[in-house]
Structure formats: C-alpha cells, structure tokens
2 protein chains.
Amino acid sequence: MGKTVLIVYAHQCPRSFNAAACSTAVQALKDRGCKVYISDLYAMNFKPTATAEDIKGDLKNPEHFDYGDETMAAWKEGRLSEDITAEQQKVKEADLIIFQFPLYWFNVPAILKGWIDRVFAQGFAFSLQNMYDNGIFKAKKAILSFTTEGMESMYLPDGINGDINVTLWPLQNGVLNFCGFQVLAPQIFWAVAHSPPEVRTAMLDSWRERLMDIWTEKPLTFASTNLFNLTFPGGFRLHPEAKEKLNALPYGITTAHHLGKPVPPNNQTKVSEK
Amino acid sequence: MGKTVLIVYAHQCPRSFNAAACSTAVQALKDRGCKVYISDLYAMNFKPTATAEDIKGDLKNPEHFDYGDETMAAWKEGRLSEDITAEQQKVKEADLIIFQFPLYWFNVPAILKGWIDRVFAQGFAFSLQNMYDNGIFKAKKAILSFTTEGMESMYLPDGINGDINVTLWPLQNGVLNFCGFQVLAPQIFWAVAHSPPEVRTAMLDSWRERLMDIWTEKPLTFASTNLFNLTFPGGFRLHPEAKEKLNALPYGITTAHHLGKPVPPNNQTKVSEK
C-alpha cells in the first residue's frame, strides 16, 4: 500500500496493555506494507510544556511572550526547536496518526497534551483560512485509541460518567477535526485492568482486524463549515437558511452543535449510516 | 473571613492578561481577608509527566508499572515526591481553588493537565467510595477561569466551535465534580487578544466584583449519585424508577446525562434557577 502511519504512544510501561495495543498496530500495519513511526513519548522524555525554549533565536516580543504568536513566527522561519520539528516531519509524512494512551481524567495524559500543544503549531497544523473541513491535514486520518478504567455502561447517557460522546468532543472536534483530519471512530478498550486475559486478547485481535481495512473506513461526521457565516458580523454562527432547514430534523448536527435538540446518538463513536 | 484560596496559574508571561486576572484575584481575595497561595506552574518549572520518579522508595510492581496503583500506594505511605506533596498540602488547606489559564485546544495547557494528573492522586483526591457528590473535596469550591482566542458566539450550540458547555464537561464533571468540588460557574474571558484595553479592564473589574461575593455563590448542578445503581450488575446506570421520572421532563439531567433529550441549556456555564 505504501502508506505511512505515526503512532503517538503515551504509556510508561513496555508491559502494559497500551504497549500491547501499540505493538499490535505496528505489526498489523507493517504486515500490510505500511511504514510505521512510533513516538514513544515517555521513552523520549518528551517535553510537554509550552515555553520560550521551543523557539530558537530571538523572540518577536520577549516583553509580552505569547506562545501561539511566537511559535507561528518561528515555524515560518524554521526556528522551532529540534524535537518539535522532528515530530512535525513525521506528521507531514503520515497518512494516519494513531494516538495510543490510557484515559487520564476523561482526557489525554499531560505528556500527550503537550505533544498536541507544541507539535500542532499555527501555520503547520492550522491557520485562520485552514481549519475544520478546510483544514491542513484533510488528506490524513486520525484515531484515538485508548484504555479506560471504567466499564462501557458507565459512559452511556444514563451512566454515572455521562455520555462518552460528550467526553470525546473537545479532542475529536477541537483538535483532530479542527486540523482537518478525517477522524475515524475511536478504538476504546473498556475496563482493561478488570478484564480477564482472554478478553484482553480478544480486544487486541479485534484491533488487529480493524486495522486490516483501516484505509477504507468512513470517518465520523462533523459539521460542514459551509453551514456557517464565517464573518465577524455573522458571529461565525449557522446561516439562517441552514438553521431553518436543520431545525426541522429530529436531532442536532453533532454532539455540540445540538441546536437545542437531542444530540445525534453516538456521533463521536460510530460512523453515521448516511 | 479566614478563608484560604489556591490559584493554580498557568501562563508563561507576567505581563499577560492571565497574569492580570491572577493578580486581580489575589488582591480582591486578600482585601477580603483571605490567605492566598499561588502555584505559578511555569515559574515553578512544574513537572507535568506522570512517571516513576513521582514515587520515593521501591515500586510495588516495577515490572508492570501502573501509575495509578503506584501513586495510590505511595500516597498512603507518604512516599509521593516533594513537589506533589507540597501541592497536595495547599489543596488540603484551600476552601477554593481557582484554575487560571489560557484555553489551549479546547482544554487546559499540558502543564496544568500534569498538575491534575499528578496532584489529584487516588486516595488523596478520590477513592472508589468517594467520588462525585460523595467526593473527598465536597467542602471545597473550584472555578475554571480562562481566556479564549475566539469570541463567545463561536461557542454557542449554533456557533462554529459548538456549545462551550460540551467542551467544559470533561473538565468540570470529570475532574472537579468527580473529586466532589462545588463547581462554580466558569469565569470566561472571551477573545481577550482581540479586545480593546477598556474592554479588558472591564473584564477584570467584573472578575474582581464577582470575587467579592464568591463564598455565597451557588454551584453548578450535576447529577446526584443517588439516581444511579452503583453496582456492577446495575451497570452504574440510572435506577429504572429515576429514569422513568426524568424521562417525563423536557431536558436531560446534565450536558452528558442527556438521556436522548435536549441538553439543559447552559448546564456547565450558568447556575440553575431551581
């Protein structure tokens, strides 16, 4: 196939289930002829903090340091630190990025958040002209692959932790879809620590199997930017005509574009039939 | 008043708006007789990564390192690293924690996520018996106070970024409410970089004013754990009787406990009238 995959992997222990999920993916993808990069964040001692050290040479405005502005300027001029540039090179080559991590506090671990904060610099990963379905990475796919402590039913709309689709929204829409990625359904390994060995093995088998056909999978559905009036006077809100049309439908557009109506079921976890 | 406040502050620059919001809070609270701690994460060079170095002495299971298990054991035995213990001491004393940060990728910056991952260790911040409205910190209040790049209308249910209430759910429910905090309405400073000086000054004034009466503010509403069958056979889901009763109402319980119905408006941003 000649495809390239980057696995951004965030677990401390080579004997963890997350490590096994990572190796499973590496093997399955290599078997299909893919080139695979792994960014093993803990092993790399990856720096998560967004600081002035990420910029080589003089700052534009040292008196009033703004990380976003400084890194955008540094990216344009090739003055981002080596560790960021190396990761950006892998992202550039990748047709698919898999984020492999244990869910920490309904979110990615800090070291992975740091990878996002630092690697997805303005200019490289998005610009004011290029976001959402006009995003820079629209030819690339991305998957969140993660383990949870709790069982699946806890993350239902009537479960103690609330709907997992809401939990996933800021990551899948705000990071991945924002940069234009085709977001594939998340690979969720529920309650791994409480699962017997044969269940864990079955989970890895189904992950391996899924990866066999990963290139033909349809992505999740997000709101098209065409629906919105992307101007300051328009407030970056739905066009009135679009709103009228959508209001007639039984559900909102996405989990967070709910328009005061019921959210479309499984919007961030399952591919829509349409 | 004799109250104690901890401000967990995550901005690199002492001349930023975030720094001004932090100083405004310090001054307002001190004027009201409060004791104020500031954890200035970048200045402290706070370590965000969850690693074995966070544990002093021998690991329980070095062959199969599990951060949650190891830090829970270390907390019980007073073997967490000095930097974590120092932060936990401030949390213990605090009646209110203010998290002051710029929104990075619809989320906290990595350095602040690292503070959460490391300081809120199992045993110290939660246990299987103590979570949500039985949470360890139920006598304490917490506020997310943050700046955004985008304007408010972008974060409406019909705005390009989707409903801010969805974005806030994993942090406010999954971190703060999970640990039992009374979660006060977030203090959101919209589009600060694009606001003229007089608007910024007015924002700080209204923050100062809000802090004058902060101790009497009602918290946001979350789902009571009494509504759920918190057993494995019950799947940690709503009691059937509770579900029937709630199904008759026009809205779900919270943003993510939506029960397939419209989400209650502003559930994570405004105090409910009831």
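Under the annotation held in an unreviewed UniProt entry, chain A carries the name Ribosyldihydronicotinamide dehydrogenase [quinone] and is attributed to Denticeps clupeoides.

## Description of the relation of the copies chain B and chain A
Overlay of chain B on chain A (RMSD 0.0 Å): rotation 180°, translation along the axis 0.0 Å. What the superposition gives is, in effect, a two-fold axis relating one chain to the other. Every residue of chain B has its C-alpha some distance from the rotation axis, and the shortest such distance is that of Pro-262 of chain B, at 2.1 Å. Here 100% of the contact residues of chain B are again contact residues in chain A; the copies associate through an equivalent surface.

## Things to note about the UniProt feature "domain: Flavodoxin-like fold" (unreviewed entry) in chain A
This chain's UniProt record puts "domain: Flavodoxin-like fold" (unreviewed entry) on residues 3-211 of chain A. As annotated, residues 3-211 of chain A has a helix share of 36% and a strand share of 15%, and its two end C-alpha atoms lie 13 Å apart.

## Focus on the pairing of strand S3 (residues 96-102) of chain B
Residues and elements named next belong to chain B. Burial of S3 is extensive: 7 of the 7 residues sit out of reach of the surface. Taking every second residue as pointing to the same face, both faces of S3 are buried, with Leu-96, Ile-98, Gln-100 and Pro-102 on one and Ile-97, Phe-99 and Phe-101 on the other. Across 5 bridges, strand S1 (residues 4-9) lies against S3 in parallel orientation. The residue bridging Val-8 from the neighbouring strand is Phe-99, located in S3. At this point the chain moves from S3, through helix H4 (residues 110-119), to the parallel strand S4 (residues 141-147), and the crossover so formed is right-handed.

## A look at helix H6 (residues 197-212) of chain B
Each turn of an α-helix holds 3.6 residues, which means side chains three or four residues apart point in the same direction. The end-to-end C-alpha separation of H6 of chain B is 23 Å, in line with the 22 Å expected for 16 residues at 1.5 Å each. Buried positions along H6 of chain B lie against helix H1 (17-31), S3, S4 and strand S6 (187-189) of chain B.

## Concerning the domain arrangement of chain A
Residue and element names in this part refer to chain A. Here chain A is described as being made up of domain 1 (4-216) and domain 2 (221-274). If you look at the interface, domain 1 gives 16 residues, while domain 2 gives 12 residues. Looking only at domain 1, the three residues that lose the most surface to domain 2 are Asp-133, Asn-165 and Trp-169, adding up to 51% of its buried area. Inspection of the region where domain 1 meets domain 2 yields 6 residue pairs in polar contact (both at pLDDT 80 or more). The element contributing the most residues to the side of domain 1 that touches domain 2 is helix H5 (residues 164-177), with 8 residues.

## Digging into the pairing of strand S2 (residues 35-40) of chain B
Pairing of S1 of chain B with S2 of chain B involves 6 bridges; the strand directions are parallel. Residue Val-8 of chain B lies in a different strand from S2 of chain B, and its bridge partner there is Ser-39 of chain B.

## Regarding the packing of helix H3 (residues 82-93) of chain B against H4 of chain B
Angle between the axes and distance between the axes are the two parameters that describe a pair of packed helices. All names here are of chain B. Interhelical geometry of H3 versus H4 gives an angle of 85° and a closest axis separation of 10 Å. If you check the angle between H3 and H4, you find them roughly perpendicular. Contact residues: H3 offers Asp-83, Ile-84, Glu-87, Gln-88 and Val-91, while H4 offers Trp-115, Arg-118 and Val-119.

## Digging into the interface of chain B and chain A
Listed per partner, the contact involves 68 residues of chain B and 68 residues of chain A. In total, about 5700 Å² of surface goes out of reach between chain B and chain A, with carbon and sulfur atoms giving 64% of it. Broken down residue by residue, the surface that chain B buries against chain A is led by Trp-105, Asp-158 and Ile-160 of chain B, which jointly contribute 16%. For the pair chain B and chain A, the number of links is 6 salt bridges. Our count for the chain B to chain A interface comes out at 33 residue pairs in polar contact (both at pLDDT 80 or more). Residue assignment for the side of chain B that touches chain A shows that the elements contributing at least two residues are H4, helix H5 (164-177) and strand S8 (237-238) of chain B.

The rules behind the values
Residues numbered from 1 in each chain as written. Chains lettered and ligands numbered in written order. Predicted model: local features only at pLDDT ≥ 70, side-chain atom pairs only at ≥ 80, totals over all residues. Heavy atoms only, no water. Least-squares fit on C-alpha atoms with pLDDT ≥ 70 in both. Contact = heavy atoms within 4.5 Å. UniProt positions renumbered as here; feature names shortened; annotations may be inferred. Helix = DSSP H or I, 4+ residues; strand = E, 2+ residues; numbered from the N terminus. Buried < 20%, exposed > 50% of the residue type's maximum accessible area, 1.4 Å probe, protein only. Pairing = 2+ DSSP bridges. Right-handed = clockwise from strand over helix to strand, strands pointing away. Expected span 1.5 Å × (residues − 1). Domains from an automatic or database assignment. Buried area = accessible area lost by both parts, 1.4 Å probe. Polar contact = N/O pair within 3.5 Å; in protein donor to acceptor, adjacent residues only side chain to side chain. Axes fitted to C-alpha atoms, helices over the stretch in contact; angles between N-to-C directions. Parallel < 35°, antiparallel > 145°, perpendicular 65-115°, else oblique. Salt bridge = Lys/Arg side-chain N within 4 Å of Asp/Glu carboxyl O.

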